[in-house]
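# Structure at a glance
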Amino acid sequence: MAKLFELAQEHASISAWRQSGIERPVKVLSPAAATYVKKHGYQSEAGMVTSGYVTQEKFLLGKNCTEIESALGLRPLELGSMCYIYALQRLPNRDEVRFRWFCSHPGGKQYDDALHQKALDARNNFAEGRNLYNRSHPPVVDSYQPGSPTIPQWEITSKIP
């Protein structure tokens, strides 16, 4: 029964997606992450392909990079003063996407004591120069923080142009 509920929720969550306009799903990348994606062969005849987490454009309108980082629960300073926002060339099929609750749930998981401890450990590692996340221009803490509880997030599980 729980699986049926999850499937119904996923279907309802993507039913409002559109190919254009503010309802379209978008992917946010830092300049360093965009360079990494291009350098490591995430290309097709149609251009760059992406997977991972997306949200809808309407939740990013009017926000600067710092506000986007905070809203999406990205690593502090990951975007710096610039980011790329990519629209998908086609809408994903239902079997290519998973609803991952809201940005307040890093990785689609409840932010609990274990995730909080992971974040604290990552900050300590950062202070000591260990286990850094290097796909941003300045290395940043290798842990996601909770973002906005009002912004939904989805995980694209296939490569989509």
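Tallied over the entire structure, the rule returns five salt bridges. With a shortest N-O distance of 2.5 Å, R24 and E57 are connected by a salt bridge. Separated by 33 residues along the polypeptide, R24 in the loop between α1 (2–14) and β1 (25–29) and E57 in the loop between β4 (50–56) and α3 (65–72) bring together distant segments of the chain. Relative accessible area serves as the criterion here: at 26%, R24 is assigned to the partly exposed category. Overall, the relative accessible area of 18% leaves E57 in the buried class. One salt bridge in this structure joins R100 and E155, with 2.9 Å as the shortest N-O distance. With a gap of 55 residues between them, R100 in strand β6 (residues 97–102) and E155 in strand β7 (residues 152–160) connect regions that are remote in the sequence. In this structure R100 comes out as partly exposed when scored by relative accessible area, which is 24%. Overall, the relative accessible area of 22% leaves E155 in the partly exposed class.

On to the sheet that holds β1. Taken in spatial order, the five strands line up as β5-β1-β4-β7-β6 in an open sheet, and their pairing is antiparallel. Bordering the open sheet on either side are β5 (84–87) and β6, each of which pairs with just one other strand. Taken pair by pair, the neighbouring strands of this sheet meet at an average axis angle of 35 degrees, ignoring direction. Of the strand pairs in this sheet, β6 and β7 are connected by four bridges, and their pairing is antiparallel. Opposite F102, over in β7, you have P152 as the bridge partner.

The rules behind these values
- Residues numbered from 1 in each chain as written.
- Predicted model: local features only at pLDDT ≥ 70, side-chain atom pairs only at ≥ 80, totals over all residues.
- Heavy atoms only, no water.
- Salt bridge = Lys/Arg side-chain N within 4 Å of Asp/Glu carboxyl O.
- Helix = DSSP H or I, 4+ residues; strand = E, 2+ residues; numbered from the N terminus.
- Buried < 20%, exposed > 50% of the residue type's maximum accessible area, 1.4 Å probe, protein only.
- Pairing = 2+ DSSP bridges.
- Axes fitted to C-alpha atoms, helices over the stretch in contact; angles between N-to-C directions.

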